[in-house]
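Each chain, letter by letter, is given below.
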Amino acid sequence: MAGSPKDRRYTREHEWVLLTDGEALVGITDFAQEQLGDLVYFDLPDPGKQLRQNEKLGEVESVKAVSEIYAPVSGEIVEVNPKVNETPEVVNSDPYGEGWLLRLKPADPKELEKLLPAEEYDALVATAGAEH
Amino acid sequence: MIQQTALKLSPLDDLHRRLGAKMVSFAGWSLPLQFAGIIEEHNAVRREVGIFDVSHMGRFFVNGPDASRLIRRAVTYNVCRLQPGQAHYAVMCAADGGIIDDVFVYCVAPDRLLVVGNAVNAETDREQVASLLEPGMQAAIEDVQSGTAMIAVQGPDSEELLASALTGAVVRTLPHHGCMEFELLGSPAFIAQSGYTGENGYEVIVEAGRAHAFWQGLLAARARPCGLGARDTLRLEAALMLYGNDIDRTTNPFEAGLGWLVDFDDESFVGREALRRLQERGVARQLVCLKATDKGIMRPGFPVLQEEDAVGKVTSGGFSPTLGVSIGMAYVPSRLAAVGTALTVDVRGRPLPVTVVRRPFYKRPG
């Protein structure tokens, strides 16, 4: 299995964050979408909302389960990906690209250092996957 | 540590794993939750044909001249009426009228009937029937759960698939809810027109040693393998009961909408007196179908509210791939059971508006 993209950082709760041009793109990982199965609804906050790192920011519902989504970094929401409301399955098919969830203005880019690099995240899910 | 007891395995277990199925434990069995994905499998059954390994279902024959009389004592429906080749849905009740299981009874021959019930109740069902056997009655129970596999073939193309695949012309002769024993791959087998999806479909019981070949033959004929996930979304759209969720020992057939399965004729059966009293008294609550009118998913256990008052709990709930919204069932006071009644489901503190709708949610065209 291909590893997670190395250009971003990961949380233990299976979110990713990618810094580009002073902004942070946030999504859920391939492992998360795989575990949840067919995604049907996202409940995400509106632009303008301030998030604190690790706080619950929203929820995702799949056919079989619900899961909470946590803020990987602090910051203000600039944009919510309109595609994930219209066609949530885009997160199943492309969780690291078209299926991003939020664009944030990060409050403190140093917070990323607390998050896992791709290799460590892959090791984490390899262990989690073995339990299934 | 969570104590784990060994899960029972279907004769098809290795094939499922080889196909990459996501496995899950259900009623003491290890079974496929999904293969390609729940929605894809769901749609395959609604539009074409899907196959399910349902080897976990409890199943036993009752043989002998008194077979139907014996089963009649255990279920609310008068199975003595069944002619060879016919089958009927039925409910098994306790003396107080509470539901022990919902079962299908198939009359293969006057002296040979098959009872198929839920995996979780397999032993209870068998024991209930066995306990009603009286000296002098000629009937014997033949449990076939362990030596066979059971495969459900469901969807509009199921008849074509079975006719072309392996069973020859047998399937074409079956009427609605018809059943028969036949020969499959050189071994005795059983087929019935029945299922748990709301589509036309068949259920086949085949000797464990022939299960691989039969399943592979169906796959080769392009049937879609489906798991318990799609089985649940399909049966919920058809508003079919899931034992343990929608019905159990604390519910009775009348409030569950299964009163049409209770025959108060001159035959005696377990729970008859209690059910008579329950029927006379009328139902205080009823199992209703709820359809969400906004985004959000109702799931089992969520409170159902009228204004601020809790009036019930969701028994089954989820996302309906066919309708594109959440649907569910719940027991609510009879005054709130009318179609069109607006209620609310508490989705983790957020109100989800729902409406009581006609049962079922989905009915196959034609």
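Residues numbered from 1 in each chain as written. Chains lettered and ligands numbered in written order. Predicted model: local features only at pLDDT ≥ 70, side-chain atom pairs only at ≥ 80, totals over all residues.

Asker: In this structure, what is going on with the domain arrangement of chain B? I would like to understand it.
Answerer: Reports often express the size of an interface as the amount of accessible area lost when the parts come together. Residues and elements named next belong to chain B. Looking at chain B, the domain boundaries give domain 1 (8-55 + 146-237), domain 2 (58-141) and domain 3 (284-366). Centre-to-centre, using C-alpha coordinates, domain 1 lies 30 Å away from domain 3. Facing 11 residues of domain 1, the contacting portion of domain 3 comprises 10 residues. Elements with a contribution of two residues or more to the side of domain 1 that touches domain 3: α2 (38-47) and α7 (228-237). When grouped by side-chain class, the residues that make up the side of domain 1 that touches domain 3 number two nonpolar, five polar and four charged. (Domains from an automatic or database assignment. Contact = placed C-beta atoms within 7 Å. Helix = DSSP H or I, 4+ residues; strand = E, 2+ residues; numbered from the N terminus. Nonpolar A, V, L, I, M, F, W, Y, C, P; charged D, E, K, R; others polar.)

Asker: Explain the interface of chain A and chain B here, please?
Answerer: Each partner contributes residues to the interface: chain A has eight residues there, and chain B has 11 residues. Across the side of chain A that touches chain B, the residue classes break down as four nonpolar, one polar and three charged.

Asker: So what exactly am I meant to see when it comes to the sheet that holds strand β1 (residues 8-9) of chain B here?
Answerer: Strands pair in a sheet through their backbones, by hydrogen bonds, and they do so in one of two ways: parallel or antiparallel. Residue and element names in this part refer to chain B. Strand order in the open sheet formed by three strands is β1-β3-β2, and the pairing between neighbours is mixed. Each end of this open sheet is capped by a strand with a single partner; those strands are β1 and β2 (22-26). As paired strands, β2 and strand β3 (residues 29-34) are joined by five bridges and run antiparallel to one another. Across the sheet, residue Lys22 finds its bridge partner in β3, namely Gln34. Seen against the sheet, α7 touches β2 and β3 and runs at an angle of roughly 70 degrees to β3. (Pairing = 2+ DSSP bridges. Axes fitted to C-alpha atoms, helices over the stretch in contact; angles between N-to-C directions.)

Asker: Quick question: what am I supposed to make of the nonpolar core here?
Answerer: Across soluble globular proteins, nonpolar side chains have a tendency to be buried as a group. Residue and element names in this part refer to chain B. With 133 residues, the main nonpolar core has Ile71, Val75, Val105, Leu113, Ile151, Val153 and Leu290 as its most contacted residues. Ranked by the residues each element gives to this core, the list is headed by strand β7 (residues 99-109), at eight residues. Not counting the four nearest positions on each side in its chain, Leu290 is found in contact with Met298, Ile327, Gly328, Met329, Ala330, Leu343, Val345, Val354 and Val356. (Core = buried A, V, L, I, M, F, W, Y, C linked by C-beta atoms within 7 Å. Buried ≥ 20, exposed ≤ 12 C-beta atoms within 10 Å, placed from the backbone.)

Asker: Before we go on, may I ask you to explain the pairing of strand β3 (residues 23-28) of chain A in this structure?
Answerer: Regular strands place their side chains on alternate faces of the sheet. Residue and element names in this part refer to chain A. Within β3, five of the six residues are buried, which leaves it mostly tucked inside the rest of the structure. Two strands pair when backbone bridges link them, and strand β2 (residues 15-20) and β3 are joined in this way by six bridges, in the antiparallel orientation. Directly across from Leu19, in β3, lies its bridge partner Ala24. Relative to strand β9 (residues 102-106), β3 runs antiparallel, the two sharing three bridges. Bridge pairing in β9 links Leu25 to Arg103.

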